[in-house]
Amino acid sequence: MSEDCEVVLVGGGIMSFTLAAMLRELNPCAQINLYEMLDDVALESSMVWNNAGTGHQALCELNYTPQRADGSIDISKALNINQQYELSKEFWAYCVRQQILKEPSTFINPLPHLSFVVDDIIPYLKARYENLKTSPLFKAMQYSEDRGQIAQWAPLLLEGRDTHQKIAATYVEGGSDVDFGEIVRQLKSSLVRQSGFNLYLKHKVRDLKKIGKSWQLDICNLANGQNKQVNAQFVFLGAGGGSFPLLQKSKIPQGRGYGGFPVGGLWLVCKNPNIINKHHAKIYGKASIGDPPMSVPHLDTRIIQGKKELLFGPYAGFNTKFLKHGSLFDFPLSIQMSNCAPILQAGVDNIPLTIYLIKQILMSNKQRMRKLNMFCPAARLEDWEARFAGQRVQIIKKNTKGRGSLQFGTEVITSSDGSLAVLLGASPGASTAVNIMLQVLESCFAKDMQSNLWREKLAHMIPSYHCSLQENIAHFNHHRAQTAQTLNIPFCPI
């Protein structure tokens with residue numbers, strides 16, 4: 001069997017569905033096929049239990065504001081992520097007004113964001129606060145070392161804590177909690193009602209190759225074992241860790257030398273409703289010295305299907321799968337001549353990460369509780385249970401010195417002709433999905449993006465696209481206030 005299609009999207013998560021929704025708004029006549037190998041969408045990294053950050057806005061994530069060798073604080077990444085997350089919120093608000101998404105409280109809820117540190121890390125947090133406050137984007141941030149004030153913000157942090165221990169926190173009321181899986185399900189519900197959009201569940205893309213100006217994809221229907229070929233003008237691989245082996249099979253030069261390193265995760269989930277109801281915030285701490293950025297601990301309130309939940313973690317683990325529902329052969333089969341050296345070099349340079357992962361795997365629940373007790377001294381083991389938190393594949397690529405290096409973040413790889421785009425990596429990921437898909441559109445639909453029709457439509461869909469909110473205060477106040485009103489989340493004008 002063989003068929004033709006204009007656009008093929010691989011993977012039923014937040015990335016593919018965001019791109020599908022944007023393309024349908026920009027070009028309602030676009031013919032789009034989306035293929036997902038599982039029996040429903042949003043069952044991998046977009047699922048609310050399988051991701052570590054549900055609302056990355058750089059309000060509390062300390063790994064986005066690293067300390068330089070001279071002691072100064074680099075806030076550039078925090079400024080970028082804050083504005084990128086705003087693009088996501090603007091697009092969601094547009095979708096709500098267009099009835100593409102439902103009532104905002106079904107997928108986004110206001111929630112304060114805090115950073116919390118103790119003892120010798122306090123000077124860093126204070127310097128971070130003072131640097132961020134110079135930007136209008138962080139004007140609403142508060143800082144305190146007062147135990148009474150911090151207890152009002154997050155009482156669990158103070159219960160049972162040594163009264164002589166020095167503590168500090170920053171607080172931003174205007175944070176949010178997002179269920180990306182619910183956004184995916186609602187986008188799916190809207191898109192499948194439109195002609196020209198076709199969703200294929202339990203379909204696995206096994207291979208792809210360039211033939212002329214099109215991509216030929218070999219696809220297997222896992223329900224009945226039948227195979228077919230689909231010819232597409234444009235292909236987007238947004239299948240999380242599943243994108244990596246398909247990038248290798250595409251054989252585009254831009255993907256040569258890339259490697260992937262899989263990392264699993266685990267949460268401690270609170271079972272006690274009384275404790276859950278005491279806490280209402282996302283609180284991030286600082287990774288211990290020598291631990292990787294993925295180990296940043298956080299005590300995380302989430303609203304899942306209308307129910308309040310409380311999670312702590314993530315604790316890292318390792319297996320060789322690239323997806324939660326993947327194969328143990330994923331990582332070994334990904335090692336090829338082109339990426340063998342970078343992977344080995346990254347392994348040698350990241351021996352502390354290997355040791356860290358081994359320690360995490362060998363942890364008992366009692367040992368995990370010791371880490372939680374640094375946040376919540378009064379926490380007891382009987383009130384918490386362990387739950388698997390999905391898989392990530394960190395990027396390995398050559399750095400500026402030509403040596404294989406482990407990367408923490410997301411990256412879009414595109415073919416030279418713009419006919420193929422591949423998304424690799426993890427955090428901040430889902431929170432900046434709209435900005436990432438704008439990069440895809442700019443690289444792969446450059447001519448359309450320059451047209452007056454698409455420009456006008458994008459200005460309506462995402463008003464802050466190509467506009468620095470930090471420089472344009474009037475624009476900042478107007479559009480953030482409008483977005484906040486639509487999404488029913490707080491906004492503090494400047």
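Named according to an unreviewed UniProt entry, the protein chain is Probable malate:quinone oxidoreductase originating from Helicobacter jaachi. Entered under Catalytic activity (unreviewed entry) in the UniProt record, the comment concerning the protein chain runs "(S)-malate + a quinone = a quinol + oxaloacetate".

Colleague: Describe the sheet that holds strand 15 (residues 307–317), listing the residues and the values that go with them.
Modeller: Strand order in the open sheet made by the 9 strands is 5-6-4-13-14-15-12-16-17, with mixed pairing throughout. If you trace the sheet from one side to the other, it starts and ends with strand 5 (142–144) and strand 17 (404–407), each paired once. Shown here is a sheet whose adjacent strand axes are inclined to one another by a mean of 30 degrees, direction ignored. Pairing of strand 13 (residues 282–284) with strand 14 (residues 298–304), which is carried by 3 bridges, proceeds in the antiparallel orientation.

Colleague: Got a sec to walk through helix 1 (residues 14–26)? Specific residues and values, please.
Modeller: Taking 1.5 Å per residue, 13 residues should reach 18 Å; helix 1 reaches 18 Å between its end C-alpha atoms and fits that length. Burial of helix 1 is extensive: 13 of the 13 residues sit out of reach of the surface.

Colleague: Let's hear about the pairing of strand 4 (residues 113–118): which residues, and what values?
Modeller: The side chains of a regular strand alternate between the sheet's two faces. Within strand 4, 5 of the 6 residues are buried, which leaves it mostly tucked inside the rest of the structure. When strand 4 meets strand 6 (residues 167–172), the two strands line up antiparallel, connected through 6 bridges. When the bridges of strand 6 are listed, valine 117 appears paired with alanine 168. Inspection of the sheet shows strand 4 paired to strand 13 by 3 bridges, in the parallel sense. Bridge pairing links histidine 113 to lysine 282 in strand 13.

Colleague: Could you give an account of the nonpolar core, with specific residues and numbers?
Modeller: Counting residues in each nonpolar core, the largest one holds 58 residues, and the members touching the most others are Phe91, Trp92, Phe236, Leu441 and Ile462. Broken down by element, the residue count for this core peaks at 9 residues, all from helix 1. What phenylalanine 91 contacts, discounting residues up to four positions off in sequence, is Ala21, Met22, Val434, Met461 and Ile462. Leu208, Leu217, Val235 and Tyr258 belong to the second-largest nonpolar core, a separate cluster that totals 37 residues.

Colleague: Please set out the state of the cysteines residue by residue, giving values where relevant.
Modeller: Put plainly, two cysteines are in a disulfide when a covalent bond ties their sulfur atoms together. Following the criterion strictly, the structure yields 0 disulfides and no others. Of the cysteine sulfurs around cysteine 270, a residue in no disulfide, the closest is that of cysteine 376, at 9.0 Å.

Colleague: Pulling in residues and values, what's your account of the pattern of salt bridges?
Modeller: One pass over the structure, following the stated rule, counts 17 salt bridges. Glutamate 3 is the salt-bridge partner of lysine 228, the closest N and O atoms lying 3.3 Å from each other. Taken together, the residues lysine 228 in strand 11 (residues 227–237) and glutamate 3 in strand 1 (residues 2–10) connect sequence positions 225 residues apart. Looking at lysine 228, the relative accessible area reads 12%, which means it is buried. Put simply, aspartate 300 and arginine 302 hold a salt bridge, and the shortest N to O gap is 3.2 Å. Each of the salt bridges in this network shares a partner with another, and the network as a whole consists of Asp177, Lys282, Asp300 and Arg302.

Colleague: Give me the lowdown on the side chain of asparagine 51, citing residues and values where you can.
Modeller: Following the sequence through the fold, asparagine 51 ends up in the loop between strand 2 (32–36) and helix 2 (76–97). A distance of 3.0 Å separates the side chain of asparagine 51 from the backbone oxygen of serine 45, its partner in a polar contact. One polar contact links the side chain of asparagine 51 to the main-chain carbonyl oxygen of methionine 47, over a distance of 2.9 Å. For asparagine 51, the contacting residues outside a window of four places in its chain are Ser45, Ser46, Trp267, Arg302, Ala389 and Arg392.

Colleague: Now, about empty space enclosed by the protein: what can you tell me, with residues and values included?
Modeller: Tallied over the full model, the rule gives 1 cavity of 30 Å³ or more. Reported here for the largest cavity is a volume of approximately 40 Å³. If you go around the largest cavity, the residues you meet are Glu90, Ala93, Arg97, Pro463, His479, Gln482 and Thr483. Elements that contribute at least two residues to the lining of the largest cavity include exactly helix 2 and helix 15 (473–487). Residue composition of the lining of the largest cavity, grouped by class: 2 nonpolar, 3 polar and 2 charged.

Rules behind the numbers
- Residues numbered from 1 in each chain as written.
- Predicted model: local features only at pLDDT ≥ 70, side-chain atom pairs only at ≥ 80, totals over all residues.
- Heavy atoms only, no water.
- UniProt positions renumbered as here; feature names shortened; annotations may be inferred.
- Pairing = 2+ DSSP bridges.
- Helix = DSSP H or I, 4+ residues; strand = E, 2+ residues; numbered from the N terminus.
- Axes fitted to C-alpha atoms, helices over the stretch in contact; angles between N-to-C directions.
- Expected span 1.5 Å × (residues − 1).
- Buried < 20%, exposed > 50% of the residue type's maximum accessible area, 1.4 Å probe, protein only.
- Core = buried A, V, L, I, M, F, W, Y, C linked by side-chain atoms within 4.5 Å.
- Contact = heavy atoms within 4.5 Å.
- Disulfide = S-S within 2.5 Å.
- Salt bridge = Lys/Arg side-chain N within 4 Å of Asp/Glu carboxyl O.
- Polar contact = N/O pair within 3.5 Å; in protein donor to acceptor, adjacent residues only side chain to side chain.
- 1 Å grid on protein atoms, 1.4 Å probe; cavity = no way out; pocket = protein on both sides within 12 Å on 5 of 7 lines; lining within 4 Å.
- Points joined across faces, edges and corners; volume = space filled by probe spheres on them.
- Nonpolar A, V, L, I, M, F, W, Y, C, P; charged D, E, K, R; others polar.

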